[in-house]
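Here is what each chain is made of, one letter per residue.
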Amino acid sequence: MSDATRIAENARRADIRNRWWLTAPALFILFVAAIGPLLVVLLYSFMLKGDFGDVKYGQFSLDGWFSVFFERDIFDDTVGIAEAHVSILWRSVKLSLITTLLTLFIGFPTAYYISIQEPRRRDLLVFMVTIPFWTNILIRTFAMQEVVRNEGVINTLLVWSGIVDRPIQIMYTDWAIFFGMVYVYLPLMVLPLYASMEKIDFRLVEAGYDLYAGRFQVLRRVIIPLVKPGIVAGSILVFIPSLGAYVTPRVLGGGKNLMLGNLIDLQFGQGKNWPLGSALSITLLVIVTVALLFYVRNASKSGGGHGH
Amino acid sequence: MKKLLAAGIAAASMVMAAGAALADGELNIFNWGDYTSPEMIKKFEETYKVKVTITDYDSNDTALAKVRAGGHGFDIVVPSANYVPIFVKEGLLLESRPDQMENFKNVDERWVNVEWDPGRHYSVPWQWGLTGIGVNKTVYSGDIHTSAIFLDPPAELVGKINVAPEMNDVMYATIRYMGGKWCTDDKEVLKKVHEKLKEAKPKWLAMDYSAHEKMANREYSAVYYWNGAMLRARLQNPEVNFGFPKEGYPFFMDSAAILKDAKNMENAKLFLNFIMAPENAAMLSNFAKYANGIKGSEACMDAELKGAPEITPTPEQAVAGEFMLPCAPEVTEIYTKIWTDVLK
């Protein structure tokens, strides 16, 4: 090997080493703060449950996973699908889908409106969208409670203006949950949508009109394909936290119906079944990951087809 | 067992550092949120020149999990009656022998030989109460001393009821209402319990923790909830009445105990002795509005607490109450299944 190639080779190795050193802190944090705890949860899901919470360390058991999907009937001991878990899962997924659609429906025109303003006004509006993030989600949820409860802002206004003669029950219904969820997650939809819309070359819209497209056609064939990455990002950002939502359904929905988050909480608390709680958490994680992969792959396929 | 703050609030810690500069030592107390009289802590700090730190928890299970994990640095914990035996069984509590302390003579005989800590070798009474019925009497004026208020609600109350989202308390009242005993695994009884809960739930408005303000502001007309909270509600709104279900209801008592790995053992012992003095126990009650187990503390209580119907059941009302001890793990598993199925 000649000197020149050796020097080049050494330099290349040093470069790789440096990169590893530079990424080490990030990798370390990722492992310790994200992957490590997940491994603990995974291990717990395969252990025997302790008598009063916790697990019996080192004692392997599939009971936790069995109970995620199946249940032994309380009364006649027959084994069947864990119907309670399925309906709780379905309620959570449904709630998240509706929340995502509602935020998209409200967020799209909002982001569009912001993006067609002159730059200075745009910055101000984006800044205003981020204001809710300054406050803790719990406090925002309690504020929402003040708005929707029987003697709250909405009902007081409705009664005062004579539209209804007594307060309508919004609090503790699914409507209250939707109000709360949309309010809390809307900024997460508006910001990525705005980021995509800001980059739209409006000459393309004009070109669309020149080619005799109607307003709806321009929206569907020109604008939506251009902002697709924003729609995907916003939907993911809203859907995933909604799926695990805990505080909002509990405070605004009255806690009569369990969500996935509450079901997991029950197993770690009064149910004293940590392996089942761990297995349910992993199940939630897997569902989210699969949905995400499916969504991202689909989105990138059709998004790329428009080649701009 | 009283979640005076709404659910979901993560354990917040607050530091009461009055006279910290002079402190000779420290004491770390791990207790339910909104449950420790700041006035009493201040008095303890000034008397013994000790700096007290209080950390909140929101459920026995949270406290148990955190203490069991170790490295918490707490000296004192205040578990409920049904959790004291678990803490003892898991070897987490110090056998500090409060029964040999100077102020033990003040403990009401009723609370000395308790099932969860016979002879009080580990723990000292903090406060006690029960889960019962709160009703706004302008909405419903019939008999309120029954679990039928939330299990077979009268027409006036349908859709206006809040039930505490506590599996054990709700299962307890329902099992007793259906004629069973706590911790029963009798399938016949449990089947009836399951059906009764499924039938009753649609008639409830919510299962929420902020019942005291919502009874006071008429958002709810009836609740199954803790008596101290209903006392608070009545002080704000005299329409709120409290009932002791004659079919059976659960008592709770939280007791202060020293953790085995406490770092400030001597201060912790001073504290246990301190809260058994009537004037100090009275401060606890004045703050959280629950009864304590110390004789003579009534004399120092606020006027509104003396003889308050919520915290002083008559002998006839008291017989229906019982302490809820921990059930066997298999039984808890059945109860959790029923509970999950009702709330699905």
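Residues numbered from 1 in each chain as written. Chains lettered and ligands numbered in written order. Predicted model: local features only at pLDDT ≥ 70, side-chain atom pairs only at ≥ 80, totals over all residues.

**A word on the overall build of chain B**
Looking only at helices and strands, one finds twelve helices and 13 strands in chain B. What you see for chain B is a C-alpha radius of gyration of 20 Å, in line with the 20 Å of a compact globule of 344 residues. Here the C-alpha coordinates of chain B stretch approximately 60 × 45 × 35 Å along the principal axes. Considering chain B as a whole, with its 344 residues, one finds that 52% of them fall into the buried category. Contacts in chain B between residues far apart in sequence, at least 24 positions, make up 75% of those at least 6 positions apart. (Helix = DSSP H or I, 4+ residues; strand = E, 2+ residues; numbered from the N terminus. Rg over C-alpha atoms; globule rule 2.2 N^0.38 Å. Buried ≥ 20, exposed ≤ 12 C-beta atoms within 10 Å, placed from the backbone. Contact = placed C-beta atoms within 7 Å.)

**Structural notes on the interface of chain A and chain B**
Across the contact, 31 residues belong to chain A and 35 residues belong to chain B. Among the elements of the structure, helix H3 (83–115), helix H10 (247–252) and helix H11 (260–268) of chain A are those that each provide at least two residues to the side of chain A that touches chain B. Taken together, the residues that form the side of chain A that touches chain B break down as 13 nonpolar, ten polar and eight charged. (Nonpolar A, V, L, I, M, F, W, Y, C, P; charged D, E, K, R; others polar.)

**Observations concerning the pairing of strand E2 (residues 55–60) of chain A**
All names here are of chain A. Pairing analysis gives three bridges linking strand E1 (residues 47–49) to E2, with the strands arranged antiparallel. By the bridge assignment, Lys-49 is partnered in E2 with Val-55. Hairpin geometry of E1 and E2 is characterised by an intervening segment of five residues between the two adjacent antiparallel strands and by a positive phi of about 80° at Gly-53. (Pairing = 2+ DSSP bridges.)

**Quick notes on the domain arrangement of chain A**
Residue and element names in this part refer to chain A. Segmenting chain A into domains produces domain 1 (3–79) and domain 2 (86–305). On a C-alpha basis, the centroid separation for the pair domain 1 and domain 2 is 30 Å. Domain 1 puts 16 residues into the contact, and the matching count from domain 2 is eleven residues. The element best represented in the side of domain 1 that touches domain 2 is helix H2 (residues 63–69), accounting for five residues. Across the side of domain 1 that touches domain 2, the residue classes tally to eight nonpolar, five polar and three charged. (Domains from an automatic or database assignment.)

**Quick look at the pairing of strand E10 (residues 222–226) of chain B**
Residues and elements named next belong to chain B. Taken across its five residues, E10 has five buried, putting it largely inside the fold. Relative to E10, strand E7 (residues 123–136) runs antiparallel, the two sharing five bridges. Bridge assignment links Val-135 to a residue of E10, and that residue is Ala-222. Where strand E8 (residues 161–163) and E10 come together, three bridges link them in parallel fashion. Pairing of Val-163 across the sheet is with Tyr-224, part of E10.

**What to know about unusual backbone geometry**
Residues and elements named next belong to chain B. The backbone phi angle of Asp-34 is positive, close to 60°, even though this residue is not glycine. Inspection of the secondary structure puts Asp-34 in the loop between strand E2 (25–32) and helix H1 (38–48). With 13 C-beta atoms packed within 10 Å, Asp-34 lands in the partly exposed category. The phi dihedral of Arg-120 is positive, around 55°, even though this residue is not glycine.

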